Amino acid sequence: NDIIAQSLSNSDNSAAHNVVYHIQATSTGGSCAGAVSDFTQVVNPAPAITTSAPSAICDGASTSITITSTIPSTYTWTVTADPQITGASNGSGNENDVISQMLTNSDNSGAHNVVYQLQATSGFSCTSAIANLTQVVNPTPQMTVAPSTITCSGVSPAVALTVTAPSDFAWT
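Residues numbered from 1 in each chain as written. Predicted model: local features only at pLDDT ≥ 70, side-chain atom pairs only at ≥ 80, totals over all residues. Heavy atoms only, no water.

**A closer look at a nonpolar patch on the surface**
For step 1, the next point in the chain: Residues Met-143, Val-145, Val-159, Leu-161, Phe-169 and Trp-171 make up a contiguous nonpolar surface patch of roughly 630 Å² in combined accessible area.
For step 2, the next point in the chain: Within the secondary structure layout, Leu-161 lies in strand E13 (residues 161-163). (Patch = residues over 30% accessible without salt bridge, like charges linked within 9 Å, V, L, I, M, F, W, Y side chains within 5 Å. Areas by Shrake-Rupley, 256 points an atom, 1.4 Å probe, with all protein chains shown as cover. Salt bridge = Lys/Arg side-chain N within 4 Å of Asp/Glu carboxyl O. Helix = DSSP H or I, 4+ residues; strand = E, 2+ residues; numbered from the N terminus.)

**Quick look at the packing of aromatic side chains**
For step 1, the next point in the chain: As enumerated under the stated definition, the model contains 1 aromatic pair in all.
For step 2, the next point in the chain: Taking 6.4 Å as the distance between ring centres and 35 degrees as the angle between the ring planes, the aromatic pair formed by Tyr-21 and Phe-39 counts as tilted. Placement of Tyr-21 in strand E1 (residues 17-23) and of Phe-39 in strand E2 (residues 37-43) is noted, with a sequence separation of 18 residues between them. (Phe/Tyr/Trp six-rings, centres within 6.5 Å; stacked < 30°, edge-to-face > 60°.)

**Concerning the side chain of Ser-122**
For step 1, the next point in the chain: Position of Ser-122 relative to the elements: it lies in strand E10 (residues 112-122).
For step 2, the next point in the chain: Residues within four places of Ser-122 in sequence aside, it is in contact with Pro-45, Pro-47, Ile-71, Pro-72 and Ser-73. (Contact = heavy atoms within 4.5 Å.)

**Notes on the sheet that holds strand E3 (residues 57-58)**
For step 1, the next point in the chain: A sheet is described by the order of its strands in space; here 5 strands give the open sequence E3-E11-E10-E5-E7, paired in mixed fashion. Each edge of the open sheet is held by one strand with a lone partner, namely E3 and strand E7 (91-94).
For step 2, the next point in the chain: Note: E10 against strand E11 (residues 131-138), 7 bridges, orientation antiparallel. Following the sheet pairing, Tyr-116 is matched in E11 by Leu-133. (Pairing = 2+ DSSP bridges.)

**Quick notes on the nonpolar core**
One broad trend across soluble globular proteins is that nonpolar side chains are buried collectively.
For step 1, the next point in the chain: Membership of the largest hydrophobic core comes to 16 residues, with the highest contact counts inside it found for Ile-49, Trp-77, Ile-99, Leu-103, Tyr-116 and Leu-118.
For step 2, the next point in the chain: Mapped by element, the contributors of at least two residues to this core are strand E5 (73-81), E10 and E11.
For step 3, the next point in the chain: Examining the composition of this core, we find that 4 residues originate from one element, E10, more than from any other.
For step 4, the next point in the chain: Setting aside anything within four residues of it in sequence, one finds Trp-77 in contact with Ile-67, Ser-89, Asn-90, Gly-91, Ser-92, Gly-93, Ile-99, Gln-101, Tyr-116, Gln-117 and Leu-118. (Core = buried A, V, L, I, M, F, W, Y, C linked by side-chain atoms within 4.5 Å. Buried < 20%, exposed > 50% of the residue type's maximum accessible area, 1.4 Å probe, protein only.)

What follows is the structure in structure tokens.
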């Protein structure tokens, strides 16, 4: 007894294709050949996630992750989020659906992540490898400005700015 073990690949993303094996057994001594038998293996295309990594968002904004793959599929995702992030949840969807979840970063000291683990299932019931997409959620700084003061012409004011997150400043 023996087993045919090959990794088969279908690069046509629109249809199933067949591989036909013509199998013949020959006696160990090599002088007696049995009849040829045909075996047909159907090879369905498997989806591959083509969704690109999302751009960073600010605290309180919604994700905008459009789900795509090499062939029309349905999708499931699970999330792993840093403990400072709320609003991310597991889900499912269809081709070109958008994962839109409002995320909150409770930590004003820096950015935190949500990892969406996507998997596609094609109409042929083939599944993709899991794709990990990382959504960065930056804190939104809250600023406190010292009370207004009076200064004389030619003297620079000393305005104290306090923020809740690492920030750059601009003023006009």
